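Overview (structure and organization)
Chain by chain, the residues run as shown.
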Amino acid sequence: MSAPLEKATAFLRTLQAHVPSGVRTHTLGCALFVRKGRFLLALRSLLRARALAPDDPSVHKALVRFLHAVGVASLPTTVTRVINGHRNAIGAPAGQSLEALNNAYLLKAQKASDASGASALMAAAEMQLLLDPAQKQAAAQLVASLPLQTLSLKLAC
């Protein structure tokens, strides 16, 4: 298992060197570091992604996945303190549940009527399913409610 993660780390270093202003570079970095259990490096990647595109659906998904992983991991108190100290900077104020964070993002996405709103709704539905698998029907209804004219081929697939 470590060999694929090490290969992914080498790939990420290349991305960071050549595409440092790419949101995807940092969301992929966040996902990789969460898988490796390197939560402070994941936080750094998330902070960079938020600085580039705070409302991007991929950043929202990275944020929710990061905080979900932090919630189930047993971390040293120092690491937990650092993460909690940066919650406002990553867009998740202390005391706000992940469900409330996702619902706020969903409400904002429902107000948008363009393709970015459709991407945001898809992201919110995906995160709703991650946070509460029992909400599968509600997440499916969210996706089904998307106006077809706002969907790109990439998003529809």
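Right above here is the structure, for reference.
The paragraphs below set out a description of the structure included in this document. (Residues numbered from 1 in each chain as written. Predicted model: local features only at pLDDT ≥ 70, side-chain atom pairs only at ≥ 80, totals over all residues. Heavy atoms only, no water.)

Re the packing of helix H3 (residues 39-52) against helix H4 (residues 57-72)
Spelled out, the test is: As a rule, the C-alpha atoms of each element are fitted with a line to give its axis, helices using only the stretch in contact, and angles between N-to-C directions run from 0 to 180 degrees. The numbering of helices and of strands both runs from the N terminus, where a helix is a DSSP run of H or I of at least 4 residues and a strand a run of E of at least 2. Here is the rule for angles: anything less than 35 degrees is roughly parallel, anything more than 145 is roughly antiparallel, 65 through 115 is roughly perpendicular, and the remaining ranges are oblique. Crossing handedness follows the turn of the near helix against the far one: under a right angle anticlockwise gives a left-handed crossing, and clockwise gives a right-handed one. It only takes one pair of heavy atoms within 4.5 Å for two residues to be counted as in contact. Polar here means any residue outside two lists: the nonpolar Ala, Val, Leu, Ile, Met, Phe, Trp, Tyr, Cys and Pro, and the charged Asp, Glu, Lys and Arg; Gly therefore counts as polar.
Taken N-terminus to C-terminus, the directions of H3 and H4 make an angle of 155°; their axes are 10 Å apart at the nearest point. In terms of their interaxial angle, H3 and H4 are classed as roughly antiparallel. Between H3 and H4 the crossing geometry is left-handed. When H3 is examined against H4, the residues Phe 39, Ala 42, Leu 43, Leu 46, Ala 49 and Arg 50 are found in contact with a partner set consisting of Val 59, Ala 62, Leu 63, Phe 66, Ala 69 and Val 70. Classifying every residue of the contact of H3 with H4 gives eleven nonpolar, no polar and one charged.

Focus: helix H6 (residues 98-111)
Our working rule: What a helix should span is 1.5 Å times the count of its residues minus one. Here's how the labels work: a residue is buried when its accessible area is under 20% of the maximum for its type, exposed when over 50%, partly exposed in between, all with a 1.4 Å probe on protein chains only. To be clear, the arc concerns the directions from the helix axis to the C-beta atoms.
With 14 residues, H6 extends 20 Å from end C-alpha to end C-alpha; this agrees with the ideal 20 Å at 1.5 Å per step. For H6, the complete set of buried residues consists of Leu 98, Leu 101, Asn 102, Tyr 105, Leu 106 and Ala 109. Looking straight down H6, one finds that the buried residues subtend no more than 135° of arc, so they occupy a single side. Set apart from the buried face of H6 by more than 90 degrees, the exposed residues are Leu 107 and Lys 111.

Focus: the packing of aromatic side chains
What counts, and what does not: Any two of the Phe, Tyr and Trp rings considered here, Trp counted by its six-membered ring, make a pair once their centres fall within 6.5 Å; the pair's planes then place it as stacked at under 30 degrees, edge-to-face at over 60, or tilted in between.
Within this structure, the stated rule accounts for one aromatic pair. Summarising the aromatic geometry, the rings of Phe 39 and Phe 66 are spaced 6.4 Å apart at their centres and angled 50° between planes, so their arrangement reads as tilted. Highlighted residues: Phe 39 in helix H3 and Phe 66 in helix H4, separated in sequence by 27 residues. Accessibility expressed as a relative area gives 9% for Phe 39, which makes it buried. With a relative accessible area of 0%, Phe 66 lands in the buried category.

Quick look at the environment of Arg 50
Topologically, Arg 50 is positioned in helix H3. Classification of Arg 50 by relative accessible area gives partly exposed; the value is 21%. For the pair Arg 50 and Ala 89, spaced 39 residues apart in the sequence, the C-alpha separation amounts to 8.2 Å. Excluding its chain neighbours within four sequence positions, the residues that come into contact with Arg 50 are Val 59, Ala 89, Ile 90 and Gly 91.

Brief notes about the pattern of salt bridges
To be explicit about the condition: Any carboxyl oxygen of Asp or Glu within 4 Å of a side-chain nitrogen of Lys or Arg constitutes a salt bridge here.
Evaluated as defined, the whole model comprises four salt bridges. Here Glu 126 ties to Lys 61 by a salt bridge, and the two come within 3.2 Å at their closest N and O atoms. Here the residue Glu 126 occupies a position in helix H7 (residues 115-131), and Lys 61 occupies one in helix H4, the gap between them amounting to 65 residues. On the basis of relative accessibility, which here comes to 33%, the residue Glu 126 falls in the partly exposed class.

Observations regarding the nonpolar core
Convention followed: To define a nonpolar core, start from buried Ala, Val, Leu, Ile, Met, Phe, Trp, Tyr and Cys residues and group those joined through side-chain atoms within 4.5 Å.
Phe 66, Leu 67 and Ile 90 are the most contacted members of the largest nonpolar core, which totals 24 residues. Contributions of two or more residues to this core are made by helix H1 (2-18), helix H2 (23-36), H3, H4, helix H5 (77-85), H6 and H7. Per element, the largest residue contribution to this core is seven residues, and it comes from H4. When residues no more than four places from it in sequence are discounted, the contact partners of Phe 66 are Cys 30, Val 34, Phe 39, Ala 42, Leu 43, Leu 46, Ile 83 and Ile 90. Counting twelve residues, the second largest nonpolar core, distinct from the first, contains Ala 109, Ala 118, Ala 124 and Ala 139.

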